[in-house]
Structure formats: C-alpha cells, structure tokens
Amino acid sequence: MIIVCKNHPYEYDVENLAEIFFPYEKIRMFNEMPDERDDVFVVTEINGDIISVDAAVYDRKLSDCTTVSPETDRQNALSVLFYRVMSSLLGIEYPWGILYGVRPARFFHSLTDKFSLEGAREIFKSKYLVKPEKLRLVETVAESENKIIALSKKNSFSLYVSIPFCPTRCSYCSFVSHSIEQAAKLIDEYVELLVREIEATAEYAMQNNLRLETVYFGGGTPTTLSAAQLATLFKAIENNFDLSALREYTVEAGRPDTVTREKLLALKAAGVGRISINPQSFNDEVLSAIGRRHSAQQTLDAFALARACGFDNINMDFIAGLPKDNLESFKNSLQTAVGLGAENITVHTLSLKTGAYMATRENAFERTDKILAADMVDYAGAALTAAGYKPYYMYRQGKSLGNLENVGWCKEGRDCLYNVFMMDETHTVLAVGAGAVIKLKHPQSGKIERIYNYKYPYEYIKDFENILKRKKKINNFLNS
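Anyway, here's the lowdown on the structure attached to this text. (Residues numbered from 1 in each chain as written. Predicted model: local features only at pLDDT ≥ 70, side-chain atom pairs only at ≥ 80, totals over all residues. Heavy atoms only, no water.)

### Re the overall build of the protein chain
No. 1: Counting its secondary structure elements, the protein chain contains 18 helices and 18 strands.
No. 2: For the protein chain, whose C-alpha radius of gyration is 24 Å, the value lies close to the compact-globule estimate of 23 Å for 480 residues.
No. 3: Expressed along its principal axes, the backbone C-alpha trace of the protein chain runs to roughly 65 × 55 × 45 Å.
No. 4: For the protein chain, the proportion of its 480 residues judged to be buried stands at 56%.
No. 5: For the protein chain, contacts bridging at least 24 residues in sequence account for 73% of all contacts bridging at least 6.
No. 6: Carbon and sulfur atoms provide 49% of the accessible area of the protein chain, an area that totals close to 20,400 Å². (Helix = DSSP H or I, 4+ residues; strand = E, 2+ residues; numbered from the N terminus. Rg over C-alpha atoms; globule rule 2.2 N^0.38 Å. Buried < 20%, exposed > 50% of the residue type's maximum accessible area, 1.4 Å probe, protein only. Contact = heavy atoms within 4.5 Å. Areas by Shrake-Rupley, 256 points an atom, 1.4 Å probe, with all protein chains shown as cover.)

What follows is the structure, given as structure tokens:
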C-alpha cells in the first residue's frame, strides 16, 4: 500500500487510519508522488482551504474533497475525510470511527476532566465518529477505572514478574514467550538470576519509600515453572519486599496443561489470591488450530482443581476471531465460563502479525472475518452484562480484526487492580525478568520513563550484570 501525503504534516494519523482498513499490509508513505504504483494507492492533500483524498483499491476508485475555514481543525478534517472515503470504497464502517490508540478509557476521562462528561461524549461522537455502543462501553470502563485509580497513592507501585516460557507457542502470540522444547535448559539459571534481580529491585523500592500495591506474574505462562521454582520466587519477593500494603497478588496459570495441585498449593501458600486459567476457546478443533496442545476438558479439570485448592478469584481469557471458530462455538465457550462462575472473563480480539497474508483483489474487500469478530464481541458484551459482569478495563491493539477492543469483565468487587494501574499508567511499575519493562512515573511531574530489560531469556542470562546497572536509572529519575 502506498500513501502520498502532499502539503500536510499528518502522516502519522493517515498511516494509523490506513492500518485500520489494511491491518496486515506493509504501508509505504511518501510526501510527493512516487514513480512507482501499488494496487492500493491513496493520495491525501491539503491545498489552501481544500482537503482532498483520492483512493484506488485494485479496480475501485473514489475521490472526495472538503472545503475548510481557517478555524477548522485540519488534522481532524483530513482524518474524517480519509476514513469516509476508505469506508465507502471498501464497504465497511468501524465502531471506533477514527479513534486509534491503546487507552480509550484514559483518553475519555482526560476529556471529561477538561470539558465535562457531556463535552467528552460529544467529542467522541462528532470528532472521532465513535458509535453509541462503544461510547457507552468506554464511559462505563472509565467510571470503573477511576474508582480503582483513586486507591493509588503518590508513592504506590506495582511489581511485574516476567516468566517468558510456555509449553508450546500459540500461533497468534506476540509476547516474548519460548516453548519448553526450545528453552528448558535455560530455566534453572533464569530463576536464579531472577531472584537476584528481585533482590536488587527491592532495594530501589526501599530507598525510594515506595508502597507495593499489586504483584503480577505474567508471561508466557508462569506455571510452566515447577512448584519448587515458583516457591523460590515467591519467597524472594516475601523476603525482600514489604507486603503489608499489598492489595492484590496475581499469577497467570494460563495454560491448563501446566496446572497441578502442587503448583496451586505453592501459589496459595504464598498468598496469591487471583489466578488466570485461560481456555481461549472450549472448542478442541480451535485449540488444535492455534497450537495449544491441551483439550477443553483439561481446562475444566484445571478450573475444578483450582476451586478445590481454595481459589475464589479466577480469570478466563477468550479470543474473538480465532481460526476454525464460529459464532455458535464462541457463544458456547463464553457460556461455559459463565456457568463455571469465573470471577473475571477477559474477551480479546484476535490481533495478527504483519504479513499474515498477502493482500489480493479478493481479500481486500472481504469483510466476513471482521463482521464475525464484531458479532462475537457484541455477543460477549450482551451476555456478560446479563450475567452480572461489568466491564472494568479495556485496551486496544493495532492490527486487530475489525479494529475492535479487548475488555476485562468481572463480577462486583473482582476488578483486577494491576490491569487498571498498568493500563492507566497510574503509578510506577517495577518489572523483572526477560522482556520486562520498568515504567517509572515521577510522583510530582507525572512524567513517564521506561527502562527495558533484554527481550529474550538467553540475552537476559548472558548480559545480566548490565541489567542490574540499568536499574540505577530508577533512583536518578525518581529523585530528579
């Protein structure tokens, strides 16, 4: 796909909107007409008071323009025109309109603070073309998030522990995760070094008088580790951090084929109160298609075992738009989780990697998968609301089917605090492990700074001393 941006500086907006319509295409941007052409070719231009968009997608073409006044927000006017042209040309509208970005609820409550609730609603509807059902969703989530955000204090922080290993790698996965088949030999040394990093990180927390609110083990699949390895990490946290103010302790036991009684009892002994057991689907054909080597029955067994071990706050994840799935199958999966009484149910939309397929004349105009994903997400919202769940946090990913959202739903009082704190960037997150990112928030200015660990376990192990050196930035930033 080629996009030409003539006489305007809004390349970033145009590229993000183009990705909504062509999420898997490589997009090439030019400021002048290039010599080359592409099957998908769009020219955007501002010439005086005239904004124009001229688009060609294979054999279909459409052009439009609008005249603006000096007071007009030209960035928004160009974005709206681009969206309307591409929407008409491809025969599809998206419920989020021209709104892109990871944190719509955070954006909504920032607008509410600035313009009032009615003002924020009007901006979402008129400026960003957000449909009423998504406006209601974002308003509900923002209200729920604000209650949780208010719990955080100036010196609050969360701790994230990265365990980047899984039994197998799922086909859709974009996280730093390595199958045990490839990385088993690294795990013992990884755990040893992770303990050292936990100890070093705790020193910085103590030096800055930080108050630990939540602990979150993610990955990967943390329960890929043995019960003894998990217990070692739990003990390192207990011995080095002040847990007296801890509100929440979560461990993702995401893959049911990693769940054992011994591991669950290790979690329970450490004070873990919230876990995830993530089916993604209760359809065995779908599970096989996405590379998950477990059955739906194993998920049911793991859930029952967790209940027997005393866990009363369990999250289950599902993905709308998985290969081989259909609406009836998705409904069955969701209703199974509701029937189990899962306290949290998170509904994601499938997000694929760039280059997942090559664009062709046929699939450029194909809407079936996008409509199916939207139907699944709509069903989930209605069914979970009817079952007494509320949407408490939300985020969006690029390249998702139908430009849809990921929403965490929960029963009353079962919100995941870490998810909200992290998504809102409420306070500092100290993170340890391969692929972990420390997110520092200055208590006075609110400025955000990130410190990145090495992405892969073998890098983490090889250059571990350098990771410890990077942590010196914590004091430099928080004391600046």
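From this point, the discussion proceeds with the structure in view.
### Brief notes about the sheet that holds strand β4 (residues 50-57)
Adjacent strands of a sheet pair through backbone hydrogen bonds, lying either parallel or antiparallel.
No. 1: Strand order in this open sheet of five strands is β2-β1-β3-β4-β5, and the pairing throughout is mixed. Of all strands in the sheet, those bounded by a partner on one side alone are β2 (28-30) and β5 (60-67). Each neighbouring strand pair of the sheet contributes to a mean axis angle of 10°, computed without reference to strand direction.
No. 2: Examined bridge by bridge, β4 and β5 share eight bridges and lie antiparallel to one another. Paired with D54 across the strands is S63, a residue of β5.
No. 3: Along the sheet, helix α1 (residues 11-21) makes contact with β1 (2-6), β2 and β3 (40-47), crossing β1 at roughly 155°.
No. 4: Strand contacts of helix α2 (residues 74-90): β3, β4 and β5, with the helix running at about 30° to β4, the strand carrying the most contacts. (Pairing = 2+ DSSP bridges. Axes fitted to C-alpha atoms, helices over the stretch in contact; angles between N-to-C directions.)

### Quick notes on the environment of Q297
No. 1: Secondary-structure assignment places Q297 in helix α11 (residues 296-308).
No. 2: For the pair Q297 and F282, spaced 15 residues apart in sequence, the C-alpha separation works out to 8.1 Å.

### Some points on the side chain of S156
No. 1: The topology assignment puts S156 in strand β6 (residues 156-163).
No. 2: Within the structure, S156 has its side chain in polar contact with the backbone nitrogen of K153 (distance 2.8 Å).
No. 3: Not counting residues up to four positions away in its chain, the partners in contact with S156 are R211, E213, H427 and T428. (Polar contact = N/O pair within 3.5 Å; in protein donor to acceptor, adjacent residues only side chain to side chain.)

### Some remarks on the pairing of strand β9 (residues 211-219)
No. 1: Counted residue by residue, β9 has eight buried out of nine residues, so it is predominantly covered.
No. 2: As judged from the eight bridges shared by β6 and β9, these two strands associate in the parallel manner. The residue of β9 that forms the bridge with F157 is L212.
No. 3: Across four bridges, β9 lies against strand β10 (residues 248-252) in parallel orientation. Within the sheet, the bridge partner assigned to Y216 lies in β10 and is T250.
No. 4: In this fold, the crossover linking β9 to β10 by way of helix α8 (residues 227-240) has right-handed handedness. (Right-handed = clockwise from strand over helix to strand, strands pointing away.)

### Structural notes on the layout of surface pockets
No. 1: Estimated volume of the second largest pocket: approximately 310 Å³.
No. 2: If you trace the second largest pocket, you find 17 residues lining it, with E133, L137, G381, T385 and W409 closest to the centre.
No. 3: Contributions of two or more residues to the lining of the second largest pocket are made by α5 (132-149), α14 (368-386), β14 (390-395) and β15 (406-410).
No. 4: Each residue belonging to the lining of the second largest pocket can be placed in one class, and the counts come to eight nonpolar, three polar and six charged. (1 Å grid on protein atoms, 1.4 Å probe; cavity = no way out; pocket = protein on both sides within 12 Å on 5 of 7 lines; lining within 4 Å. Points joined across faces, edges and corners; volume = space filled by probe spheres on them. Nonpolar A, V, L, I, M, F, W, Y, C, P; charged D, E, K, R; others polar.)

### Focus: the pattern of salt bridges
No. 1: Inspection of the entire model under this criterion finds 23 salt bridges.
No. 2: Note that R121 is salt-bridged to E118, the shortest N-O span being 2.3 Å. Residue R121 and its partner E118 are located together in helix α4 (residues 117-127), separated by three residues, close to a single helical turn.
No. 3: The salt bridge partner of R211 is E213, with a shortest N-O separation of 2.8 Å.
No. 4: Given a relative accessible area of 0%, E213 falls into the buried group.
No. 5: One continuous salt-bridge network, built from bridges that share partners, spans R103, R106, E425, K439 and R450. (Salt bridge = Lys/Arg side-chain N within 4 Å of Asp/Glu carboxyl O.)

### Thoughts on the nonpolar core
No. 1: Ranked by internal contacts, the top residues of the largest apolar core, which has 155 residues, are F217 and I345.
No. 2: Leaving out residues up to four positions away in the same chain, F217 has contacts with V161, I163, P222, L233, F234, I237, Y249, T250, V251 and E252. (Core = buried A, V, L, I, M, F, W, Y, C linked by side-chain atoms within 4.5 Å.)

Any link to function would need more than the numbers given here.
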